[in-house]
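# An overview of the molecular structure
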Amino acid sequence: MSPLFPDYRAPWESDDQAALRAHAREFFAKEVVPNEERYAKQHMVDRELWTKAGAAGLLCLDVPEEFGGTGGDFGHEAVVGHELAAVGNTSFGFAVHSTIVAHYINNYATDEQKKRWLPGCASGESVLAIAMTEPGTGSDLQSVRTTAVRDGDHYVINGSKTFISNATHCDLLVIVAKTDPKQGAKGISLFVAETEDLPGFERGRVLEKIGQHGQDTRELSFTDMRVPAANLLGGVEGQGFYQLMNQLQRERLILGVGAVAAAEAAVAETIAYAKQREAFGKPILNFQNTKFVLAECKADVLAGKTLIDHCVAEQIAGRLDPATASIAKLWGTEKQKEIVDRCLQLFGGYGYMVEYPIARMYADARVQTIYGGTSEIMKELIGRSL
């Protein structure tokens, strides 16, 4: 149920998805919310949260049943992602694992690879991460320096990656590497590294961020790391850039879903605070300016929900294009940042105290406009469609 719009229901949401939403909300309230402070201090969730989520049927929801998933559609992923953001969580890397990386395997792996990897991803026994970004490359994936050189039945991988989510717990790591550096984008391939006891694989320092403190984010490095040739995603070299470009809209859309859900949660939190916080002898919600600020925020949230619902429906139908997905990410995360900022002002000095959820929402929102591609990159991609 929407805290601001209790009668609102997304036009694409089925009864099955509505039941999943309620189930996810109950699971996160029990397993995630009470542990948020500890996750932030340890810079990661507990490893067993992944297997608990898998046992609860909350992972790989639109992966076919034959490969361990539940056979749903993107709407199933969206309701879980929404409910996770709605409780203020940025620690659990659900979207990276389930919505994004699982589908590199689901869409491009051979049947043998899918059977080998996806069931463990659905159960939470295998945590997924993707190693794209490198120091100095950012969103320019054609400029990656990590190399993969064929040597018999293996590829030898050398390079380093940064800003990698789920990096501590990842058991399966999709690596973006150059198999032919002379070919630019056509020389990029994706490899799945099985990280347990893998020589040459090193998890680097935990990265300190201004927000999302509980999110598992590290540097990774590969030194003469040998990965079986059978782990080349899809079995054909040079397909990596195509594979990346065709999956990025899922990433951008799920980030938009979470952004609007987080913005709605911030407004609901602020309304509750404004009702009980008194100044000059009355609740601050009774002041006209407070009502005006929150009215505008509520209107923006409803606009955001309708935009995101349009995009989710397009994704379910297989029609979502990269520009529209970029609009969802750009508008959603920028509005999240704007709305949370306006809400925080109504808390006064308490808004800057980390014990108040609004303070954590404020810091987390700053990261969202950069995570998964900056707003400037989104504008560039939207501009190409004009």
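Above this text is the structure in question.
As a starting point, this report considers the structure included with it. Because the structure is predicted, anything quoted here is derived from the model rather than measured.

### A short note on the nonpolar core
- Core analysis: the largest hydrophobic core is formed by 62 residues, its most contacted members being Phe28, Val80, Phe92, Tyr104 and Leu233.
- The element best represented in this core is helix α5 (residues 94-108), accounting for eight residues.
- If we skip the residues at most four places from it in the chain, Phe28 touches Val33, Leu58, Val80, Glu83, Leu84, Val87 and Phe92.
- Core analysis: the next-biggest nonpolar cluster, separate from the first, contains 22 residues, Ala265, Ala274, Leu294 and Val301 among them.

### Description of helix α11 (residues 357-368)
- Taking 1.5 Å of rise per residue, 12 residues should cover 16 Å, and α11 covers 16 Å from first to last C-alpha, within 8% of that figure.
- For α11, the complete set of buried residues consists of Ile358, Ala359, Met361, Ala363, Asp364, Ala365, Val367 and Gln368.
- Where the residues of α11 are buried, they touch α8 (248-276) and α10 (322-345).

### Section: the packing of aromatic side chains
- Applying the stated rule across the entire model yields 10 aromatic pairs.
- Their ring planes at 15° and their centres at 4.1 Å tell us that Tyr273 and Phe347 sit as a pair that is stacked. One end of the pair, Tyr273, is in helix α8; the other, Phe347, is in the loop between α10 and α11, and 74 residues separate them in sequence.
- With 6.5 Å between their ring centres and 85° between their planes, Phe280 and Phe287 make a pair best called edge-to-face.
- A relative accessible area of 82% means that Phe280 is categorised as exposed.
- Phe287 gets classed as partly exposed once you look at its relative accessible area, which sits at 26%.
- Here a set of aromatic residues connected by ring pairs shows up, and it is made of Tyr273, Phe347, Tyr350 and Tyr356.

### Digging into the side chain of Gln17
- Along the chain, the position of Gln17 falls in helix α1 (residues 15-31).
- Here Gln17 is in contact with Trp12, Asp73, Gly75, His76 and Val79, once residues within four sequence places are set aside.

### Digging into helix α12 (residues 375-383)
- Every buried residue of α12 is accounted for by Ser375, Met378 and Ile382. Relative to the axis of α12, the buried residues are bounded by an arc of 55° and lie together on one face.
- On the buried face of α12, the contacting elements are α8 and α10.

### Side note on the side chain of Glu36
- Its place among the elements puts Glu36 in helix α2 (residues 36-42).
- Buried within the structure, Glu36 lacks any salt-bridge partner; its nearest side chain of opposite charge belongs to Arg360, at an N-O separation of 6.7 Å.
- One polar contact links Glu36 to Asn89, side chain to side chain, over a distance of 2.7 Å.
- Ignoring sequence-local partners within four residues, the contact set of Glu36 consists of Gly88, Asn89 and Ser91.

### Quick word on the packing of α8 against helix α9 (residues 288-316)
- Orientation of α8 relative to α9, taken along the N-to-C sense of each, is 155°, at an axis distance of 9 Å. Here α9 runs roughly antiparallel to α8, going by the angle between their axes. Every pair of crossing elements has a handedness; the one defined by α8 and α9 is left-handed. Contact residues: α8 offers Gln249, Arg250, Leu253, Gly256, Val257, Val260, Ala263, Glu264, Val267, Thr270, Ile271 and Ala274, while α9 offers Thr290, Leu294, Cys297, Val301, Gly304, Lys305, Ile308, Cys311, Val312 and Gln315.
- Looking at side-chain class alone, the contact of α8 with α9 contains 13 nonpolar, six polar and three charged residues.

### Topic: the pattern of salt bridges
- Counting across every chain of the model gives 21 salt bridges.
- Close ionic contact of Glu83 with Arg21 constitutes a salt bridge, the shortest N to O distance being 2.9 Å. Here Arg21 lies in helix α1 and Glu83 lies in helix α4 (residues 74-86), a separation of 62 residues in the sequence. Residues Glu83 and Arg21 agree in their burial class; the two are buried.
- Note that Arg116 and Glu112 form a salt bridge whose closest N and O atoms lie 3.1 Å from each other. Taken together, the residues span about one helical turn, with Arg116 and Glu112 both in helix α6 (residues 111-123) at a distance of four residues.

Here is what the cut-offs are and how they apply
- Residues numbered from 1 in each chain as written.
- Predicted model: local features only at pLDDT ≥ 70, side-chain atom pairs only at ≥ 80, totals over all residues.
- Heavy atoms only, no water.
- Core = buried A, V, L, I, M, F, W, Y, C linked by side-chain atoms within 4.5 Å.
- Buried < 20%, exposed > 50% of the residue type's maximum accessible area, 1.4 Å probe, protein only.
- Helix = DSSP H or I, 4+ residues; strand = E, 2+ residues; numbered from the N terminus.
- Contact = heavy atoms within 4.5 Å.
- Expected span 1.5 Å × (residues − 1).
- Phe/Tyr/Trp six-rings, centres within 6.5 Å; stacked < 30°, edge-to-face > 60°.
- Arc of directions from axis to C-beta.
- Lys, Arg positive; Asp, Glu negative; His and termini not counted.
- Salt bridge = Lys/Arg side-chain N within 4 Å of Asp/Glu carboxyl O.
- Polar contact = N/O pair within 3.5 Å; in protein donor to acceptor, adjacent residues only side chain to side chain.
- Axes fitted to C-alpha atoms, helices over the stretch in contact; angles between N-to-C directions.
- Parallel < 35°, antiparallel > 145°, perpendicular 65-115°, else oblique.
- Left-handed = near helix turned anticlockwise from the far one by under 90°.
- Nonpolar A, V, L, I, M, F, W, Y, C, P; charged D, E, K, R; others polar.

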